[in-house]
Amino acid sequence: MSVFFDHRADTGKNGGVHTEIAWHPAMAVLAVAVKQDVVETGEVQGIVNVFHDEGDPLEDVNIRKNCSPTVISWHPTRYILAVGWENGDITIWNEQDHEANSTCDTHKAPVTVLQWSSNGSRLISGDERGVLVAWRCDTRGHLHQLQNYQKRSSYTHCIFRPTAQDPLYNSYTALARAAVEGDENALDMFGTWNKSRNALITQPNQMYNSESLSCYIGSEDGIIYHVDDKLTLKECATADSMIKSMLLYEAKNILVIVTTTMMLVQYTCAPDGSLTEILKVKLSGKSAITSVVWVGPGLMATVAGEDVVRVWDLDKDNNFSLGGALDMINCLSYSKTKRMLAGGMVNGKIAMWQHRPGQYSLEHWTFLPTIDLSDSFIQIQWSPVHPLLAANNICEVVILNEQPISTSISVKSAVVQVGPYHVQLETLDPPTILPIRSDIHIRGVCNTESHVVVWNTKKVVVYEVNEEKNFARPSGTFDITEPPLIAIHDQTLYTAELSSITARNFQGTVKQTMVLSENEGIPIDIDICGHYMVVATNTGVIKGWDISRRESKQYISPKNICDCLPDTSIVSKVKVNCNGTKVAIQLKKPDNEADSRLLIWYVEQDVLLGYDFSAGQTIQPLSDSGSDFDYEDLITGNFTKNKGVDVQRATEDSVTMRFPREVLWDPLDPRLLVVQAAPVPGGDQPQKPQSTPASAGLLMGGKGRGGDQTGGSGGSEVDKVVSLFATNDNGVLLHDSFPMEPAYNKLLGVSVPSFYFVYKPEDSTQRADGTLVDSVEARSPGLKEMVSPVTMRNFVGLENANAEVRKAMLDFAYHLTIGNLDEAFKAIKLIKSETVWENMAKMCVKTRRLDVAALCLGHMGHARGANALRDSAHEPELNARVAMLALQLGMLEEAEQLYISCGRYDLLNKLYQASNQWSKAIAVAERHDRINLRRTYYNFAVHCELSGDISAAINGYEKSGTHRFEVPRMLNDNPDELQGYISKTKDAELISWWGQYLESCGDINTALQFYEAARDTMSFVRLWCYMGRFSDAINTCNETGDRAACFHLARQLENHERFAEAVSFYGKAKAYSNATRLCRANQMDNELISYAMYSNVDDMVQCAEYYEQSGDHMEQAIMLYHKAGHVGRALELAFQHHQYAALQHISSNLDSSVDPETLQTCAQYFLEHQQYSKAVDLLVLAKKYLEALDICIDRHISITEEMAEQMSPGADVEQEYKKVLFERIGECCMVQGAYHLATKKFTQAGNRIKAMRALLKSGDTEKIIFFAGVSRQKEIYVMAANYLQRLDWRKDPEIMKNIITFYTKGRALDSLSGFYDACAQVEIDEYQNYEKALGALSEAMKCLTKAKMADVGTQEAKINFLKRRILLVKKFVQARRTYEEDPEEAMRQSLLLMDEGDLETGIRSGDIYGFMIEHYASVSNFQKAYHLVQELKQRLPTASLSYYINNSILEQIRQHCGGDDPALGVTDSPGIDEEIEEDLPEEFGY
């Protein structure tokens, strides 16, 4: 909670009209433009004043002219102000030189636009006559004209376009990293931040962005111009009327304009500045729009003569309204840092809306109390970086300075600020209230039991309190020059000023000065507890003094906390405990956001521990280097963990996604630390149900206005109070946490056994002077308490206990937290109070210590609770057992949370039912406990019945499905109401039941009506049969087909000897046994078969025997025997009576379960009738496989795979028989061409050779290769290779590879040699590749040499032949290789080869001739080439020359020598136009 101070800007005695206000973008200074009429001269005088945040003017600012100021604009980073005047002058005031420089020659009309670029190096000015000027500004504020433009109309708006930020300076972490790596800019900036008390005024991305010099200019006639970086002006778009507002949506690069005719137009901005219209829409409002501002990403707020603010979402294309204001709003301003929208109303009030972190929807905006400043405003404006709001009502300017309410607490009293000038002193025991009014605006307060100190930025006032007379009087006052940090101890004030801590008396006299060195920095916080004082500085240094003596003595060596942190967080606040051994340290991030960590400095051990409220876990010890250490490695003898004890035990309420807002030590116990933990803005809180936190002392006892602790919400949005223990033995331990009451503003203090909270004011409407209406005068004479003491739940019943008992209870809580039961009970063994034991049992709910709870229940004498706790031991979930303990102690909310946390919704359902929370019970059952949903509705109905709510009971019984019994039972004493209920219900069973009731009463006609309404056909037919109306009953049964009704009618018809009709209705009722019985008894043979076929087996056999005995219906008898499964009897009758059609039908359904002799008889029958296929099937079923195979072979019956599988014998057959049978099946398949099936059967017979032969006949290459690979037999390898060699292996390298592999594995080296020889011949014949051929021949030689042929002579002959071939090929290859170096030698060797007698065995002579002819043609010896051509024709008269010689060479020879020689003609015969490179794979070894 905060309060607004109002400060009137002092513009002098003459006053004047305040035309314009403007906050500096980075500093807390406000510029105000004033127009004054000088009465003596009748002239107009313009003045621009600059004010501090408290309304005091800067004395050295003197900006005046004899004309009105029209526009003012601050430099974005420097202390430079630009002022535009009515006469066209522009004045630049520079605070550094305290001088104002003016330009007088450029503009001749009132200046309407002044806009700085993002870094302030450029300034754009425009006037009413259409003159636009671009200026360059140096560091001293001097302007230099760059460009001048002339257009036809006045300018109204100017917006500079943003540029991409340098990512190096987007975060302080990156800034620190850049500084370490040597970036001088980052180093200077980081050093400035580290030494500054308030961190950087200018954000890093503002200082080091590349500046954009392009901008958009809006004019009065609706034209939008663009000025690019090269200062080129061009027209981009034209609106339909004058532009009222122009905004730039930087994230989407969209320009938004609002015109005076209330048109909203959106343009996309191209890189060159051109605009494209994407949306144009008419805005709504009572009158013209008076103010337009951004209130979030893509969110634009407008006011147009209404008491609401319309917010337009440009991204989602929707809008909503913010209401709450009671009068028309005429101006708006939005603060990004505070996320607060302010609206000035015509009645002089300011309405405010606060945006909560999250989405920018209506639900995230909260209307705040209005501020009444009496006069209507024409302009309001938030400071961009400070909590300051300026309001201009023409006559004066009011600066509203927001400040948190100051509070202070000592051992026996507390002080709370209730207004800018008022504080309220409240003694804690007994509670009394003393109002104090000061003459100064109070900025801070501190107190002891006898004195209250208040101060502001200039003055300190000390009040002496007389408790007996209940008044306070000033006892001292003195002036100060710096905003101080003040703490009080006894009769001494300690003030932190600049770089020292000064001890003063109450009149301001200095008693002692404690100087801080330059490296230690400037004090930012001071705290006193007991006789110890600690101070934190802006550099992160903490120092401490013992102030128990007359002269303060330093007892803590200075320690720089920032050096121990792994990031760039800085110290914000410090708190010292009562014996000075531990200092709690709050941190903040460089951007002033709260840090979730709370550090605790153990002074004697020089160790930093702490707790992270974001992660919900303790922080391990930190050293000066920021690294983690283990307890034992860090300190010997201290900080040891209890073995087997988890000191990080979590409490029931999670403490995550929070940060420490207030931190307080107990003034008497050095271990107890209490924290007010607030939710992280925008953080996702755990979504779990919260209890009503303060119910009936479950979490804490109460006293005063907070005593009952009823109401309030424990949602995740509220702050939590978290208690911690900080000890040398176990470090930092989380003890307890609970939600803070929404009625409380903050945690003020802690002193065992109480917490002290400050209330929020009940009515926070503010006056014109900024004070709260709920101030001292407004509440007199009945003053209201602002401080609420709340008893810790461990101490309920012990509020007035002595110090010894309080210490014992605190020791108990501590030892229970660390799990040391022995010490815990030792601490409280002398306490006899039953209330204390009850509260300790409640504490066990938090700590989940059921063993301790059992002992506490024993001391309480709570037998029922102890028994329930023992009975719950069978529950597998710990939380379920703890919930039972909570129930026995009356802690219903805690039990509810525990059941939810462990997922025991069945027990939660029972809890809700037992506590009469039926809506919650039903909701839980519907969502999570559906197995008990009907039971829940039933119990709810019973509850309603007992409470007299009949309609709710009926509804519950219906939903539980028990209404058919329960509702008639419940309404049994009220037949009329029961009949009315049944008449309205649609439940057929209930309607039928009522019909039965009426029938029992003799009201047959009405009963028939209810039976008809219930569609109870059975009862309907039953009554008609009873009444003898068989025709109606027959019609009804025929229409509905109801089986029960048909059966009843059939029985009645049978009793009346109407057998034919009875049989028919037995059939419709599917009572086939009755139908067949009646048919047999009355010789209804034709009807019998139709019902017997659907009857059971016994009935079928009886009917079959009936037909057999009659002798006239043998076909029906056979059919029934077969249907009943008596196949043998059916076949016997079929053969006996020559029923061949039936025999055919029966045989088609035979299986192996039939007697083999019967099957063989049937097979013989089919053989006689030449139905061989059926005979084979039956023989197979009879397991006469060989006979079946003989028939298949003799009668050419195809063996299918299914038949072959049926012929395959089982495991009980002899192996030899199986082998013979499989081979017979395989041979039969071979004969029939089923090669794959034959392969399979030969393989099953173990004869792989025959299997391979069958597979070779199939021609399935893939399976042949696979079978050869898995068989691993030499013969099969060779067979496979021989088969593959018959294929086109030249085009498939994979086949060639398999051939070589199979011959190699089959040890058929002679065959492999022949294959290599064939490969060599292919290389010669098809590709003329003698090098490859030579390699293949070499491989053939190797294989033939290793082969072991039976005929040695033949082997030797083949070897000699191969050697000769290899020799010839080698010579030709050598000749061709020699050609590269010595062509003549190559020709000589070729000629010698031609003389070889057996040349053709290894080399084709045509290849040699072709080689020589190509040579002579290449050297232009065409005569020699022609001669060789003639020799080739003589040697190979039938050969085509093109086969050996290129056609182009033959053409050359013909042109030079051959003339018309036809032998040289170019033919289309297969020749080699160019060398073909189609090599065989290298992996084959040549």
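Note that the structure is predicted; figures quoted are calculated from it, not measured. (Residues numbered from 1 in each chain as written. Predicted model: local features only at pLDDT ≥ 70, side-chain atom pairs only at ≥ 80, totals over all residues. Heavy atoms only, no water.)

## With respect to the overall build of the chain
Then comes step 1: Within the chain, the regular secondary structure consists of 47 helices and 60 strands.
Then comes step 2: Counting every position in the chain, which comprises 1486 residues, the buried fraction comes to 53%.
Then comes step 3: Expressed as a percentage of contacts within the chain between residues at least 6 apart in sequence, the contacts between residues at least 24 apart total 48%.
Then comes step 4: In the form shown here, the chain has an accessible surface area of approximately 67,600 Å², with 48% of it arising from carbon and sulfur atoms. (Helix = DSSP H or I, 4+ residues; strand = E, 2+ residues; numbered from the N terminus. Buried < 20%, exposed > 50% of the residue type's maximum accessible area, 1.4 Å probe, protein only. Contact = heavy atoms within 4.5 Å. Areas by Shrake-Rupley, 256 points an atom, 1.4 Å probe, with all protein chains shown as cover.)

## Comments concerning the pairing of strand β10 (residues 111-116)
Then comes step 1: Summarising the sheet, β10 and strand β11 (residues 122-127) pair through 5 bridges and their orientation is antiparallel. Looking at the pairing, Val113 lines up with Gly126 of β11. (Pairing = 2+ DSSP bridges.)

## A look at the sheet that holds strand β1 (residues 2-8)
Then comes step 1: An order of β1-β32-β31-β30 is seen for the 4 strands of this open sheet, with the pairing classed as antiparallel. In the strand order of this sheet, the two ends are held by β1 and β30 (379-382), each with one partner. Here the average twist between neighbouring strands, direction ignored, is 20°.
Then comes step 2: Of the strand pairs in this sheet, β1 and strand β32 (residues 397-404) are connected by 7 bridges, and their pairing is antiparallel. (Axes fitted to C-alpha atoms, helices over the stretch in contact; angles between N-to-C directions.)

## Overview of the side chain of Ser992
Then comes step 1: Assignment of secondary structure puts Ser992 in helix α19 (residues 988-1000).
Then comes step 2: If sequence neighbours within four positions are ignored, Ser992 has contacts with Tyr1011, Ala1014 and Asp1016.

## Some details on helix α45 (residues 1405-1418)
Then comes step 1: Over its 14 residues, α45 runs 20 Å from end to end, which matches the ideal 20 Å to within 8%, given 1.5 Å per residue.
Then comes step 2: Considered for burial, the residues of α45 that qualify are Ser1405, Gly1406, Asp1407, Ile1408, Tyr1409, Gly1410, Phe1411, Met1412, Ile1413, His1415, Tyr1416 and Ala1417.
Then comes step 3: After α45 finishes, the residue Ser1420 shows a positive phi value of roughly 65°. (Expected span 1.5 Å × (residues − 1).)

## Some details on unusual backbone geometry
Then comes step 1: Cis rather than trans, the peptide bond between Val752 and Pro753 has omega equal to 20°.
Then comes step 2: With a phi angle near 55°, Asp606 is a residue other than glycine that sits in the positive phi range.
Then comes step 3: For Asp606, the position within the fold is in the loop between β51 (594-602) and β52 (607-612).
Then comes step 4: Residue classification places Asp606 among the partly exposed residues on the basis of a relative accessible area of 41%.

## As for the environment of Arg848
Then comes step 1: Mapped onto the elements of the fold, Arg848 is located in the loop between α8 (834-847) and α9 (850-860).
Then comes step 2: Judged by relative accessible area, which is 19%, Arg848 ranks as buried.
Then comes step 3: Remark: the alpha-carbon pair of Arg848 and Asn879, spanning 31 residues in sequence, is separated by 7.6 Å.

## Concerning the packing of helix α20 (residues 1004-1013) against helix α21 (residues 1017-1026)
Then comes step 1: Across the interface, α20 lies against α21 with an axial gap of 8 Å and an inter-helix angle of 150°. Considering the angle they form, α20 stands roughly antiparallel to α21. Helix-helix and strand crossings are classified by hand; for α20 and α21 the assignment is left-handed. Contacts between α20 and α21 involve Ile1004, Leu1008, Tyr1011 and Glu1012 from the first element and Ser1019, Phe1020, Arg1022, Leu1023 and Trp1024 from the second. (Parallel < 35°, antiparallel > 145°, perpendicular 65-115°, else oblique. Left-handed = near helix turned anticlockwise from the far one by under 90°.)

## Some remarks on a negative patch on the surface
Then comes step 1: A contiguous patch of negative charge on the surface is contributed by Glu1380, Glu1381, Asp1382 and Glu1384.
Then comes step 2: Judged by its relative accessible area of 35%, Asp1382 is partly exposed. (Patch = residues over 30% accessible without salt bridge, like charges linked within 9 Å, V, L, I, M, F, W, Y side chains within 5 Å. Salt bridge = Lys/Arg side-chain N within 4 Å of Asp/Glu carboxyl O. Lys, Arg positive; Asp, Glu negative; His and termini not counted. Charge placed at Lys NZ, Arg CZ, Asp CG, Glu CD.)

## Considering the nonpolar core
For soluble globular proteins, the rule of thumb is that nonpolar side chains tend to be buried together.
Then comes step 1: Grouped together as the largest cluster of nonpolar side chains are 85 residues, with contacts concentrated most on Met1252, Phe1315, Ile1403 and Ile1413.
Then comes step 2: Apart from residues lying up to four places away in sequence, Phe1315 is in contact with Gln1285, Trp1289, Met1296, Ile1299, Ile1300 and Tyr1303.
Then comes step 3: Grouped together as the second largest cluster of nonpolar side chains are 66 residues, Leu933, Ile982, Cys1046 and Leu1120 included. (Core = buried A, V, L, I, M, F, W, Y, C linked by side-chain atoms within 4.5 Å.)

## Quick look at the packing of aromatic side chains
Between two aromatic rings, the relevant description is the distance of the centres plus the angle of the planes.
Then comes step 1: Under the criterion given, the structure shown has 23 aromatic pairs.
Then comes step 2: Relative to Tyr814, the ring of Phe725 lies with its centre 5.4 Å away and its plane at 75°, an arrangement referred to as edge-to-face. With Phe725 in strand β56 (residues 720-727) and Tyr814 in helix α6 (residues 803-818), this residue pair connects regions lying 89 residues apart in the sequence.
Then comes step 3: Since its relative accessible area comes to 0%, Phe725 is described here as buried. (Phe/Tyr/Trp six-rings, centres within 6.5 Å; stacked < 30°, edge-to-face > 60°.)

## Here's the deal with the sheet that holds strand β8 (residues 90-94)
Then comes step 1: One open sheet accounts for 4 strands, arranged β6-β7-β8-β9; its pairing is antiparallel. On the outer flanks of this sheet lie β6 (69-74) and β9 (99-103), each paired with one strand and no other. Taken pair by pair, the neighbouring strands of this sheet meet at an average axis angle of 20°, ignoring direction.
Then comes step 2: The pairing of strand β7 (residues 80-85) with β8 spans 5 bridges and is antiparallel. Within β8, the position partnered with Ala82 by the bridge is Ile92.

## Describing the packing of α45 against helix α46 (residues 1422-1435)
Then comes step 1: Axis separation between α45 and α46 bottoms out at 8 Å; the angle between their running directions is 165°. Considered as vectors, α45 and α46 are oriented roughly antiparallel to each other. The handedness of the crossing between α45 and α46 is left-handed. Each of Ser1405, Gly1406, Tyr1409, Met1412, Ile1413, Tyr1416 and Ala1417 in α45 lies in contact with α46, whose residues at this interface are Phe1422, Lys1424, Ala1425, Leu1428, Val1429, Glu1431, Leu1432 and Arg1435.
Then comes step 2: Its residues assigned to classes, the contact of α45 with α46 shows 10 nonpolar, 2 polar and 3 charged. (Nonpolar A, V, L, I, M, F, W, Y, C, P; charged D, E, K, R; others polar.)

## Description of a nonpolar patch on the surface
Then comes step 1: There is a patch of nonpolar side chains on the surface, built from Val17, Ile378 and Ile394 and spanning about 220 Å² of accessible area.
Then comes step 2: Along the chain, the position of Val17 falls in strand β2 (residues 17-23).
Then comes step 3: Residue Val17 is classed as partly exposed on the basis of its relative accessible area of 38%.

## Re the pattern of salt bridges
Close approach of charged atoms allows side chains with opposite charge to pair.
Then comes step 1: In this structure the tally under the stated criterion is 35 salt bridges.
Then comes step 2: Across the salt bridge formed by Glu396 and Arg8, the nearest N and O atoms sit 2.7 Å from each other. Note that Glu396 is positioned in the loop between β31 (388-392) and β32 and Arg8 in strand β1, a separation of 388 residues in sequence.
Then comes step 3: Here Arg8 falls in the partly exposed class, since its relative accessible area comes to 33%.
Then comes step 4: Residues Arg1022 and Glu999 are paired through a salt bridge, measuring 2.7 Å at the closest nitrogen-oxygen approach. Of this pair, Arg1022 sits in helix α21 while Glu999 sits in helix α19; the two residues are 23 residues apart in sequence, bridging distant segments of the chain.
Then comes step 5: Residues joined by salt bridges that share partners form a network here, namely Asp669, Arg671, Lys807 and Asp811.

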